[in-house]
Amino acid sequence: MGKLNSLTKFVTLLIGTIVIVAVWVTAVNAQAQLTENSKLALNGIGPIRVGMTVDEASQAAGVRLVKGYAPPPPHGEFCSYFKPQVGLQGIGFMVTKGRIVRVDISNERVSTIKGAKIGDTEEKIFSLYPGQIRVIKNPLSGRGNNLTFVPRDTVDSNYRLIFETGIERRVKRFRSGQLPQVEYIEGCS
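Numbering of residues begins from 1 in every chain and follows the order in which that chain's sequence is written. Reporting of local features is limited, given that this is a predicted model, to residues whose pLDDT is at least 70; pairs of side-chain atoms are given and counted only at 80 or more, and all residues count toward the totals for whole chains, interfaces and linings. Remark: hydrogens and water are excluded; side-chain values derive from all non-hydrogen atoms of the structure.

## Side note on helix α2 (residues 54–61)
Condition: Relative accessible area decides the class of each residue, using a 1.4 Å probe on protein chains only: under 20% of the type maximum gives buried, over 50% gives exposed, and in between gives partly exposed. A run of H or I in DSSP counts as a helix once it spans at least four residues, and a run of E counts as a strand once it spans at least two, with each numbered from the N terminus. Throughout, the arc means that of the directions going from the helix axis to the C-beta atoms.
Those residues of α2 that sit buried are V54, A57, S58 and A61. Mapping the buried residues of α2 onto a view down its axis gives an arc of 100°, with all of them on the same face. Facing away from the buried surface of α2 by more than 90 degrees, the exposed residues are D55 and Q59. Backbone geometry just downstream of α2 places G62 in the positive-phi region, at approximately 75°.

Here it is as structure tokens:
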């Protein structure tokens with residue numbers, strides 16, 4: 001009876017350990033998925049980072065990224081946009097030389113790490129990023145501004161976060177990424 005009791009305890013312990021590991025792996029994988037709850041940072045969104053290849057980003061995000069837009073040559077030979085194949089709208093990834101360099105957001109549910117999102121006023125952006133916003137009149141429409149967050153940390157000096165506002169001075173879309181691509185006004189064009 002002692003061997004059977006020991007075997008039962010061992011099997012119970014083994015099954016319990018497998019269940020705990022399975023729950024932990026599922027939780028880690030769920031956190032790594034790209035969702036509307038993913039936060040935009042200076043250097044990426046959720047599990048996707050600037051500098052990743054499209055394949056690396058697809059694997060990290062748990063969703064395949066597919067080509068969404070490429071301008072006609074010559075620009076299209078060097079720059080294109082990718083988007084999640086299913087599920088997520090309003091998240092675009094600018095790719096140059098095979099690597100992600102910028103993330104564009106037009107999805108009203110996605111926010112930055114500090115909580116900025118589409119619909120926010122310019123005043124809210126200034127309050128979330130005090131003393132670090134550079135204002136430039138929107139050169140395309142002239143009816144709004146580009147509010148550029150300039151980081152103070154030298155490790156982030158090659159990155160920017162840009163909020164585009166309209167005539168009503170509310171955020172219409174925003175983007176982050178590396179210089180100089182993050183500052184391109186018309187994307188790849």
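Let us keep going from here.
## A short note on the sheet that holds strand β5 (residues 79–84)
For clarity, the threshold we go by: Paired strands are those between which DSSP finds at least two bridges. Only the stretch in contact is used when a helix axis is fitted, and all axes are lines through C-alpha atoms; the angle between N-to-C directions ranges over 0 to 180 degrees.
Reading across the sheet, the eight strands line up as β4-β5-β6-β7-β12-β11-β10-β9 and stay open at both edges, with antiparallel pairing between neighbours. With partners counted over all chains shown, the strands left at the sheet margins are β4 (65–69) and β9 (133–137), one partner each. Along the sheet, successive strands turn relative to each other by an average axial angle of 25°, direction set aside. Both β5 and strand β6 (residues 91–96) contribute to a ladder of four bridges, which runs antiparallel. Paired with S80 across the two strands is V95, which belongs to β6.

In short, shape yes, function no, at least from these values alone.
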